[in-house]
Amino acid sequence: MGTFIGHILPGFFFICFSLWWTVQTWIRYFRSRMKDGPKFKCTVTFPCSCLCGRLKHWPIEGFLKVVAMGISFFGEIVLLGGEFGSVNGQHCTMYFFYGMSGIIDILMFFNILLPKGMDYVATILAVTVEGLLLGFHLHHREELDVALHTLLMYVIFAIVLAMLAEMYFKTSPLALFARSFTWMLQGTWFLQIGFILYNPISGAETWDLKAEHSELMTVSMIFAWHMAGGFVLVLSIGVLVKMYMRCRGNDLNSGASAMHSVLLKDSNDNSNAHMNDGELESEDEYQFTY
C-alpha cells in the first residue's frame, strides 16, 4: 500500500461497495414506507435484483470480496516484483480478512451451520484487523504521513461502531446509512492519501512530509470536506432513488398517508370523546345547580 496504486485500489473497492449499499438501503427504506410494504431490516449484503434468474438471489457481494482479495494479492505480490516483505505482508493480511468475510457471506447464504450474525462478526473482525495493522504501520513515519493515516484510523473506529450499532438495531435505517457513509469516507480518504503522498501527476505540487502546522490544519480541513461530500452524496442518492421509484409508479407516500389517516382518526375519536365527556359534565353541573 506504500504506492499510489496501493491506495487507489482499496479506496476504489470501498467506494464501490459503499455506493451499492447506499442505493440498496434507500430502496429498502422507501419500500418500507409504502402501504403494506415490507418492514425495514438491516443485512450485511444485498441481493442484486438487476441480474437474471437465480443470480439475482445469489450472494454476489461475497464473491466480489473474494475476487477483490485475489486482485489485491496480485497487485501486492506480482506487480511489486514478486517480493514478499513485512510491508506488503501486512497489506495481504488485511486483504485476507476481507476475503474471509466474503467467504462467510457465501456460507451464510447457503445455510452452512454458522451462528446467526456471523457475517457481521467477520466484517467487524476484518475492519478491526485493518485498524490494528494500520496502527503499527505508522512507526517512524513522517509527520504528514502519520496525520493522514491517523485520520483513517478514526474512520475505521467509526466503521466498527456503525457495524455494531447495525448488528444490534436491525430495524434502524440510520445504522445502515452510518455504515455506508463511513465506508464511503474510508474509500475517498484512501484516494486522498494516495494523491497527497504518491501523486503520479507530473508537475503537481508536492507536500512537505515534515508537515508544518499550516499543512496539518489543511489536512484536517480536507478531511472535514470529505465528510461533508460523503454526507451530501448519500442524501443525493436518496433523492435520485426516490425520483426513480416514483417514475416506476411506486406510491411512496401511501404508507405515510395511511398512518396519518389513522392518527387523524384516533385524534378525532379522542376529541369527540372529550367533547362528550364535557357535555355530560356540563349537564350534571346544570342539574346540580338547578
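Above this text is the structure in question.
We now turn to the structure provided with this report. As the structure is a computational prediction, the values presented were derived from the model and not from experiment. (Residues numbered from 1 in each chain as written. Predicted model: local features only at pLDDT ≥ 70, side-chain atom pairs only at ≥ 80, totals over all residues. Heavy atoms only, no water.)

1. Considerations on the overall build of the protein
The condition that has to hold: Only runs of H or I of at least four residues qualify as helices and only runs of E of at least two qualify as strands under DSSP, and these elements are numbered from the N terminus. Residue burial is assigned from relative accessible area. The probe radius is 1.4 Å, only protein chains are included, and a residue is buried under 20% of its type maximum, exposed over 50%, and partly exposed in between. By definition in these notes, contact holds between two residues if any of their heavy atoms fall within 4.5 Å. A 1.4 Å probe and the Shrake-Rupley method give the accessible areas. Residues count as covered only by the protein chains that appear here.
Counting secondary structure elements, the protein contains eight helices and zero strands. For the protein, the succession of helices and strands along the chain, N to C, is α-α-α-α-α-α-α-α. Buried positions account for 38% of the 290 residues belonging to the protein. In the protein, once contacts between residues fewer than 6 apart in sequence are set aside, the share between residues at least 24 apart is 72%. As displayed, the protein offers around 17000 Å² of accessible surface, 67% of which is attributable to carbon and sulfur atoms.

2. As for empty space enclosed by the protein
Let me state the cut-off plainly: Put simply, the grid is 1 Å and covers the protein atoms alone, a cavity is a trapped set of points that fit a 1.4 Å probe, a pocket is an open set with protein on both sides within 12 Å along at least five of seven lines, and lining residues have an atom within 4 Å of a point. Grid points are joined across faces, edges and corners, and a volume is the space filled by probe spheres set on the points. Only Asp, Glu, Lys and Arg are considered charged, only Ala, Val, Leu, Ile, Met, Phe, Trp, Tyr, Cys and Pro nonpolar, and every remaining residue, Gly among them, polar.
Tallied over the entire structure, the rule returns two cavities of 30 Å³ or more. In this structure, the largest cavity occupies an estimated 200 Å³ of space. As for the largest cavity, its lining consists of 14 residues, of which Phe13, Phe14, Phe17, Ala68 and Tyr98 are closest to the centre. Elements with a minimum of two residues in the lining of the largest cavity: helix H1 (4-32), helix H2 (60-77) and helix H3 (86-109). Top element by residues in the lining of the largest cavity is H1. It accounts for five residues. Grouping the amino acids of the lining of the largest cavity by side-chain chemistry returns eleven nonpolar, two polar and one charged.

3. Brief notes about the side chain of Arg179
Tracing the backbone shows Arg179 in helix H6 (residues 173-197). For Arg179, a relative accessible area of 0% corresponds to the buried category. In contact with Arg179, other than residues within four places in its own chain, are Trp21, Thr43, Val44, Ala162, Met163 and Glu166.

4. Regarding the nonpolar core
To keep it simple, the criterion reads: To define a nonpolar core, start from buried Ala, Val, Leu, Ile, Met, Phe, Trp, Tyr and Cys residues and group those joined through side-chain atoms within 4.5 Å.
Membership of the largest hydrophobic core comes to 39 residues, with the highest contact counts inside it found for Tyr98, Val127, Leu148, Leu152, Trp183 and Trp189. Every element with two or more residues in this core is listed here: H1, H3, helix H4 (118-135), helix H5 (143-168), H6 and helix H7 (213-247). By residue number, the principal contributor to this core is H5, which donates nine residues. With near-sequence residues (within four places) excluded, Leu148 lies in contact with Trp189, Ile193, Ile196, Leu197 and Val219. Formed by eight residues, the second largest nonpolar core is a distinct cluster that contains Trp26, Phe30, Ile237 and Val241.

5. Digging into the environment of Gly238
Topologically, Gly238 is positioned in helix H7. For Gly238, a relative accessible area of 3% puts it in the buried group. Dropping the residues within four chain positions of it, Gly238 is found in contact with Trp26 and Phe30.

6. Structural notes on the packing of H5 against H6
For clarity, the threshold we go by: In this analysis, axes come from line fits to C-alpha atoms, helices being fitted only over the stretch in contact, and the angle between any two N-to-C directions falls in the range 0 to 180 degrees. Orientation labels follow simple angle bins: below 35 degrees gives roughly parallel, above 145 gives roughly antiparallel, 65 to 115 gives roughly perpendicular, and whatever is left gives oblique. In this scheme, a crossing is called left-handed if the near helix is turned counterclockwise away from the far one by less than a right angle; it is called right-handed if the turn is clockwise.
Interhelical geometry of H5 versus H6 gives an angle of 165 degrees and a closest axis separation of 8 Å. One way to sum up the angle between H5 and H6 is to call them roughly antiparallel. In this structure, the crossing between H5 and H6 has a hand that is left-handed.

7. Structural notes on the pattern of salt bridges
Stated precisely, the cut-off is as follows: The salt bridge criterion pairs a side-chain nitrogen of Lys or Arg with a carboxyl oxygen of Asp or Glu, the two atoms within 4 Å.
Overall, the coordinates contain three salt bridges when judged by the stated rule. Of the charged contacts in the structure, one is a salt bridge between Asp145 and Arg141, with a shortest N-O distance of 2.9 Å. Using a relative accessible area of 7% as the deciding quantity, one classes Asp145 as buried. The shortest N-O distance in the salt bridge between Glu166 and Arg179 comes to 2.6 Å. Placement of Glu166 in helix H5 and of Arg179 in helix H6 is noted, with a sequence separation of 13 residues between them.

8. Some thoughts on a negative patch on the surface
Formally: Patch construction takes residues with relative accessible area above 30% that form no salt bridge. Like charges are linked within 9 Å, and nonpolar side chains (Val, Leu, Ile, Met, Phe, Trp, Tyr) are linked within 5 Å. Positive charge is attributed to Lys and Arg, negative charge to Asp and Glu, and no charge count is given to His or to the chain ends. Where a charge lies is defined by one atom per residue type, namely NZ (Lys), CZ (Arg), CG (Asp) and CD (Glu).
Taken together, the side chains of Glu142, Glu143, Asp208 and Glu212 make up a negatively charged region of the molecular surface. Note on Glu143: relative accessible area 42%, which makes it partly exposed.

9. Regarding the packing of H6 against H7
In the contact formed by H6 and H7, the axes pass within 9 Å of each other and the chain directions differ by 135 degrees. The angle between the axes of H6 and H7 places the two elements in the oblique class. Both H6 and H7 take part in a crossing whose hand is right-handed. Facing H6, whose interface residues are Phe177, Phe181, Met184, Leu185, Thr188, Trp189 and Gln192, H7 presents Val219, Ile222, Phe223, His226, Met227, Gly230, Phe231, Leu233 and Val234. Its residues placed into classes, the contact of H6 with H7 shows twelve nonpolar, four polar and no charged.

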